[in-house]
Amino acid sequence: MKSVALITEYNPFHNGHQYHAQEAKKRTGADVSIAIMSGHFVMRGEPAIYSKFQRTRMALNDVDIVVELPLYGALSAGEYFARTGVKVADYMGATSLLFGAETAEPKKFHELARLLNSEQYQTQIREQLKEGKSYPRILNELFPHSDILAHPNNTLGLSYIRAIQDLGVAIEPFVLPRQQSHHRDHTIRDTYFASGTSIRNALMNDDEQWRSVVPANLIPLYESPVMSWDAFYPYLNYAITAQTADELEEIYMVNEGLESRLQRINQQTTDFEDLISELKTKRYTRTYLQRMLMHVLLNTKKSDVDHEQPLQGVRILGMTQAGQRYLKHVKKRYPERQFITNVNQRAASLFKPEIRATQIYNLVSGCKEDDFNTPVIRTD
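Rules of the game
Residues numbered from 1 in each chain as written. Predicted model: local features only at pLDDT ≥ 70, side-chain atom pairs only at ≥ 80, totals over all residues. Heavy atoms only, no water. Salt bridge = Lys/Arg side-chain N within 4 Å of Asp/Glu carboxyl O. Buried < 20%, exposed > 50% of the residue type's maximum accessible area, 1.4 Å probe, protein only. Patch = residues over 30% accessible without salt bridge, like charges linked within 9 Å, V, L, I, M, F, W, Y side chains within 5 Å. Areas by Shrake-Rupley, 256 points an atom, 1.4 Å probe, with all protein chains shown as cover. Lys, Arg positive; Asp, Glu negative; His and termini not counted. Charge placed at Lys NZ, Arg CZ, Asp CG, Glu CD. Helix = DSSP H or I, 4+ residues; strand = E, 2+ residues; numbered from the N terminus. Arc of directions from axis to C-beta. Contact = heavy atoms within 4.5 Å. UniProt positions renumbered as here; feature names shortened; annotations may be inferred. Phe/Tyr/Trp six-rings, centres within 6.5 Å; stacked < 30°, edge-to-face > 60°. Lys NZ or Arg CZ within 6 Å of the ring centre and 35° of its normal.

Overview of the pattern of salt bridges
Then step 1. Following the criterion strictly, the structure yields 17 salt bridges and no others.
Then step 2. For R126, the salt bridge identified is with E119, shortest N-O distance 2.8 Å.
Then step 3. Residue R126 is classed as partly exposed on the basis of its relative accessible area, which comes to 40%.
Then step 4. E119 gets classed as exposed once you look at its relative accessible area, which sits at 53%.

Rendered as structure tokens:
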């Protein structure tokens with residue numbers, strides 16, 4: 001069976017995602033689509049607007065299987081986010097991967113990916129990362145006239161192809177041009193397509209425009225309270241206050257004396273926006289800081305994270321009947337692999353970070369569904 005992987009966040013699921021999912025099978029000839037989705041916390045270092053279980057229900061409207069993207073990959077910069085997603089796609093036996101981008105010329109992605117994977121450029125990138133430069137800044141300085149690097153979805157797509165090339169997996173990448181809205185749009189400007197950012201803003205501000213840019217039959221799933229950093233700030237404040245500088249220094253992404261600066265600024269601010277505004281510098285972007293703060297909240301230690309560690313198993317969050325048939329197929333093809341549909345005490349050892357993330361998300365959101373009481377979500 002041919003399958004296409006979609007590395008996603010669905011934060012929340014909208015018409016653009018539906019178009020992406022529907023086009024995936026058409027353009028790749030796949031029998032089954034696999035959404036590899038971030039869990040309760042997403043790449044920008046923010047809580048997902050809805051729980052991973054609610055977003056799974058949304059996604060199953062148009063995809064066949066939803067698999068959880070491991071937390072440490074989901075809460076990483078684009079290079080590791082993409083690499084983790086490609087590893088999961090390969091583990092699931094995906095034959096292709098389709099991603100959205102502003103530039104629909106696969107040849108350009110492949111050429112630039114090969115350059116960046118060369119030892120010459122890898123050496124330059126490593127040296128400049130040590131200087132404290134961000135990865136996007138380094139790429140733009142190395143290739144100042146590249147139209148590929150002018151858009152964030154292009155940069156992420158480039159990371160997917162780099163990961164496929166570097167890992168040597170048998171996955172064929174496909175590019176789908178984005179429709180209408182732009183990734184960073186903050187307001188809904190179209191009557192059918194809109195960015196995730198603009199939809200989240202509309203939901204948080206009780207702006208009913210969001211109803212026109214999500215699948216109409218899924219609207220009842222968007223009615224629950226939405227989550228943002230504001231709700232998590234008191235817990236973050238406690239996590240910073242309760243730890244010593246030495247303890248904070250052990251947290252993943254807390255580097256170069258940030259622990260002392262973080263403690264000092266935290267004492268002087270009263271909400272999340274103030275904290276971020278005071279922490280932000282040319283060296284540290286808002287997104288970097290949000291990811292770092294999320295790891296503080298989740299108590300992720302530097303020793304916990306190894307992006308080169310092979311997958312021990314994958315968590316299946318939901319599936320359609322077609323997805324169930326595909327799962328039987330991959331279980332037969334890869335009997336040594338662990339495809340977990342229901343988390344019990346034995347399987348829990350495979351997903352400790354994700355289980356902890358769910359517990360913290362539920363503590364703040366009041367959600368009752370957790371990794372133990374919520375079996376794989378099935379639809380007809």
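Resuming the write-up.
Some remarks on a negative patch on the surface
Then step 1. The grouping of D230, D271, D274 and E278 at the surface amounts to a negative patch.
Then step 2. Among the secondary structure elements, E278 is positioned in helix α13 (residues 272-279).
Then step 3. We classify E278 as partly exposed; its relative accessible area is 48%.

A short note on helix α12 (residues 258-268)
Then step 1. Residues L258, E259, L262, I265 and N266 constitute the buried set of α12. One side of α12 carries all its buried residues, which in axial view fall inside an arc of 135°. Opposite the buried face of α12, by more than 90 degrees, sit the exposed residues Q267 and Q268.
Then step 2. Those residues of α12 that are buried lie in contact with α10 (229-242), α11 (245-249), α13 and α14 (286-298).

Regarding the UniProt feature "coiled-coil region" (unreviewed entry) in the chain
Then step 1. Annotation from UniProt places "coiled-coil region" (unreviewed entry) at residues 248-282.
Then step 2. Across residues 248-282 one finds 60% helix and 0% strand; the C-alpha atoms that close the span lie 22 Å apart.

What to know about the packing of aromatic side chains
Then step 1. Under the defined criterion, the tally for this structure stands at 14 aromatic pairs.
Then step 2. Ring centres of Y10 and F13 lie 4.9 Å apart, and the angle between their planes is 75°; on these two criteria the pair is classed as edge-to-face.
Then step 3. Ring geometry for Y50 and Y222: centres 6.0 Å apart, planes at 85°, overall edge-to-face. Of this pair, Y50 sits in the loop between β4 (46-47) and α2 (52-59) while Y222 is found in the loop between α9 (196-204) and α10, placing the two residues 172 residues apart along the sequence.
Then step 4. Residue Y222 is classed as buried on the basis of its relative accessible area of 2%.
Then step 5. Clustering of aromatic rings is evident, with ring pairs tying together Y19, Y192 and F193.
Then step 6. Over the aromatic face of Y91 sits the side chain of R337, whose NZ or CZ is 5.2 Å from the ring centroid.
Then step 7. For the cation-ring pair, R337 lies above Y334, with the distance from its terminal atom to the ring centre recorded as 3.7 Å.

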